[in-house]
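# Structural overview for review
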Amino acid sequence: MSTQPLPLDGITVVAVEQAVAAPFATRQLADLGARVIKVERPDGGDFARGYDTAARGLASHFVWCNRGKESLAVDLKDPRGLAVVRELVAGADVFVQNLAQGAAARLGLDAATLCAAHPRLVAVDISGYGESGPYAHKRAYDMLVQCEAGLVSVTGTAEQPVKAGIPAADIAAAMYAFSGVLAALLRRGTTGRGGPVEVSMLDALAEWMGHPLHQGMHGAPPPPRTGLAHSVIAPYDAYGTADGEQVLLSVQNDREWRRLAEQVLVRPELADDADFATNTARTANRKRTDEVVRRALARLTGREALDALDAAGIACARLNTVADVAAHPQLAARDRWREVESPVGPLRALLPPITLPGGAEPSMGAVPALGEHTDELLRALGMTDEQTSVLRRDGVIA
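An unreviewed UniProt entry annotates the protein chain as CaiB/BaiF CoA-transferase family protein of Streptomyces microflavus.

Here we come to the environment of Cys147. Relative to the assigned elements, Cys147 resides in helix H6 (residues 142–148). Along the sequence, Cys147 and Pro161 sit 14 residues apart, while their C-alpha atoms lie 9.8 Å from each other.

Let us look at helix H7 (residues 168–191). The first and last C-alpha atoms of H7 sit 34 Å apart over 24 residues, in line with the 34 Å expected at 1.5 Å per residue. Remark: Gly192 follows H7 within two positions and exhibits a positive phi of approximately 85 degrees.

Let us look at a nonpolar patch on the surface. The grouping of Tyr141, Met143 and Leu144 at the surface amounts to a nonpolar patch, some 290 Å² of accessible area in total. Relative to the helices and strands, Met143 resides in helix H6.

Here we come to the packing of helix H1 (residues 21–31) against H7. Remark: H1 packs on H7, axes separated minimally by 8 Å, with the N-to-C direction vectors making an angle of 40 degrees. Between H1 and H7, the angle is such that the two are oblique. Of the two possible hands of crossing, H1 and H7 adopt the one that is right-handed. For the pair H1 and H7, the contacting residues are Ala21, Phe24, Ala25, Gln28 and Leu29 in the first and Asp170, Ile171, Ala173, Ala174, Met175, Ala177, Phe178, Val181 and Leu182 in the second. Of the residues that constitute the contact of H1 with H7, the class distribution is 12 nonpolar, one polar and one charged.

The next thing to look at is the sheet that holds strand E3 (residues 69–73). Taken in spatial order, the six strands line up as E3-E2-E1-E4-E5-E6 in an open sheet, and their pairing is parallel. With partners counted over all chains shown, the strands left at the sheet margins are E3 and strand E6 (195–200), one partner each. Each adjacent strand pair in this sheet contributes to an overall mean axis angle of 20 degrees, direction not counted. Note: strand E5 (residues 122–127) against E6, six bridges, orientation parallel. Within E6, the position partnered with Ile126 by the bridge is Val199. Across the sheet, H7 touches strand E4 (94–97), E5 and E6, and the angle it forms with E5 is around 160 degrees.

Time to look at the side chain of Ser127. Positionally, Ser127 belongs in strand E5. A polar atom in the side chain of Ser127 sits 2.9 Å from the backbone nitrogen of Gly130. In this structure Ser127 touches Gln101, Val199, Ser200 and Met201, once residues within four positions along its chain are discounted.

Turning our eyes to something else, we now look at the layout of surface pockets. Estimates place the volume of the largest pocket at around 1300 Å³. If you trace the largest pocket, you find 50 residues lining it, with Gln18, Ala19, Phe47, Asn98 and Leu99 closest to the centre. When grouped by side-chain class, the residues that make up the lining of the largest pocket number 26 nonpolar, 11 polar and 13 charged. Volume-wise, the second largest pocket comes out at about 860 Å³. Along the walls of the second largest pocket sit 26 residues, with Trp64, Trp337, Arg348, Ala349 and Leu350 positioned nearest its centre. Those elements that provide at least two residues to the lining of the second largest pocket are H1, helix H2 (60–65), helix H14 (322–326), strand E10 (337–340) and strand E11 (347–350). By residue number, the principal contributor to the lining of the second largest pocket is E11, which donates four residues.

A few words now on empty space enclosed by the protein. In total, this model carries one cavity of 30 Å³ or more according to the counting rule given. Residue lining of the largest cavity: Gln28, Asp31, Leu32, Phe178, Pro352, Pro353 and Ile354, and that is the complete set. Counted by class, the lining of the largest cavity contains five nonpolar, one polar and one charged residues.

To continue, consider the environment of Glu148. Looking at where Glu148 falls in the secondary structure, it is placed in helix H6. We classify Glu148 as partly exposed; its relative accessible area is 40%. Each C-alpha atom, one on Glu148 and one on Ala206, is 8.8 Å from the other, the two residues being 58 residues apart in sequence. Not counting chain neighbours up to four residues away, the residues in contact with Glu148 comprise Tyr129, Tyr135 and Leu202.

Quick notes on the rules
- Residues numbered from 1 in each chain as written.
- Predicted model: local features only at pLDDT ≥ 70, side-chain atom pairs only at ≥ 80, totals over all residues.
- Heavy atoms only, no water.
- Helix = DSSP H or I, 4+ residues; strand = E, 2+ residues; numbered from the N terminus.
- Expected span 1.5 Å × (residues − 1).
- Patch = residues over 30% accessible without salt bridge, like charges linked within 9 Å, V, L, I, M, F, W, Y side chains within 5 Å.
- Areas by Shrake-Rupley, 256 points an atom, 1.4 Å probe, with all protein chains shown as cover.
- Salt bridge = Lys/Arg side-chain N within 4 Å of Asp/Glu carboxyl O.
- Axes fitted to C-alpha atoms, helices over the stretch in contact; angles between N-to-C directions.
- Parallel < 35°, antiparallel > 145°, perpendicular 65-115°, else oblique.
- Left-handed = near helix turned anticlockwise from the far one by under 90°.
- Contact = heavy atoms within 4.5 Å.
- Nonpolar A, V, L, I, M, F, W, Y, C, P; charged D, E, K, R; others polar.
- Pairing = 2+ DSSP bridges.
- Polar contact = N/O pair within 3.5 Å; in protein donor to acceptor, adjacent residues only side chain to side chain.
- 1 Å grid on protein atoms, 1.4 Å probe; cavity = no way out; pocket = protein on both sides within 12 Å on 5 of 7 lines; lining within 4 Å.
- Points joined across faces, edges and corners; volume = space filled by probe spheres on them.
- Buried < 20%, exposed > 50% of the residue type's maximum accessible area, 1.4 Å probe, protein only.

Printed below as a string of structure tokens:
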């Protein structure tokens with residue numbers, strides 16, 4: 001049986017992008033077979049290239065978000081550089097940008113302008129707070145949007161709110177931009193027309209705040225910050241074991257509590273004790289509930305605790321470190337790791353989460369060096385080596 005091609009084979013994407021939100025969106029497109037041309041500044045490129053040097057000298061954010069792309073280093077402030085990008089866009093299926101608010105419009109690279117000129121183009125504007133409104137021109141970095149969207153208010157402990165440890169606002173916007181492109185391409189397949197796609201980081205993360213947001217909008221108090229615990233379920237937390245590990249467990253209903261009491265806590269009488277028998281009672285007596293669980297698990301090693309909880313049908317997990325995830329047996333057993341090429345050699349990377357059985361494996365192409373594909377792309381547009389040399393001499397390209 002022949003393997004189906006990747007679903008975005010034949011789709012060309014041009015992206016004027018930086019940081020995380022747009023690059024992570026276009027990386028999803030590249031993984032699914034699209035050709036992605038990444039437009040970067042000649043003087044340093046995407047500023048995410050300089051965030052750190054953790055990936056064997058390369059920036060971890062950049063490696064994560066930019067595999068499988070072609071890098072074109074060109075100065076958009078020079079009319080000759082802007083003309084190059086406009087010519088590339090004219091032959092593209094998708095354009096994505098997340099420049100500072102108003103910058104794309106000044107260059108004529110905003111979605112509305114481009115779609116008016118190219119009716120089949122799908123053009124995506126990613127912004128912090130949207131194209132209008134009092135916040136439209138505010139600077140929008142991930143931590144700031146996490147705060148504005150209320151995520152920080154429900155994350156952390158009672159004493160200390162904290163931001164998420166990953167760029168949640170950037171990722172949320174990226175995934176809605178990705179799905180927006182797919183939806184617009186599907187519509188183009190039936191109507192023949194592309195069209196603009198708008199995504200804001202605040203809109204995306206506010207949508208992810210649905211549970212506490214709906215609590216608050218309908219009169220309930222906002223959920224308290226409870227660290228790893230759950231505001232309305234007990235036991236639901238991390239508990240230390242005899243060998244220093246942290247084991248998390250969650251009891252979702254009273255039948256599970258009975259199994260936990262009988263098989264793990266070895267306190268069968270707690271299954272019918274009025275102070276513990278229902279979730280309402282356990283939550284009201286959270287400190288006592290947690291202490292009972294804590295004492296029982298403290299007598300076991302982490303492995304023993306997990307085995308006992310699994311045998312009793314209680315949802316549980318280890319509190320893994322990043323190193324633990326990199327060595328996770330489930331990821332290894334499912335063959336989720338690959339190597340991608342980069343300017344410093346092969347780097348380990350996870351397969352993207354979308355699996356298409358019977359189809360070609362995601363492309364997971366190389367992480368590009370700055371301007372690695374500039375000459376090749378300009379030659380494809382008909383530019384001579386002499387013209388390219390002039391542009392490089394003038395600092396228009398790199």
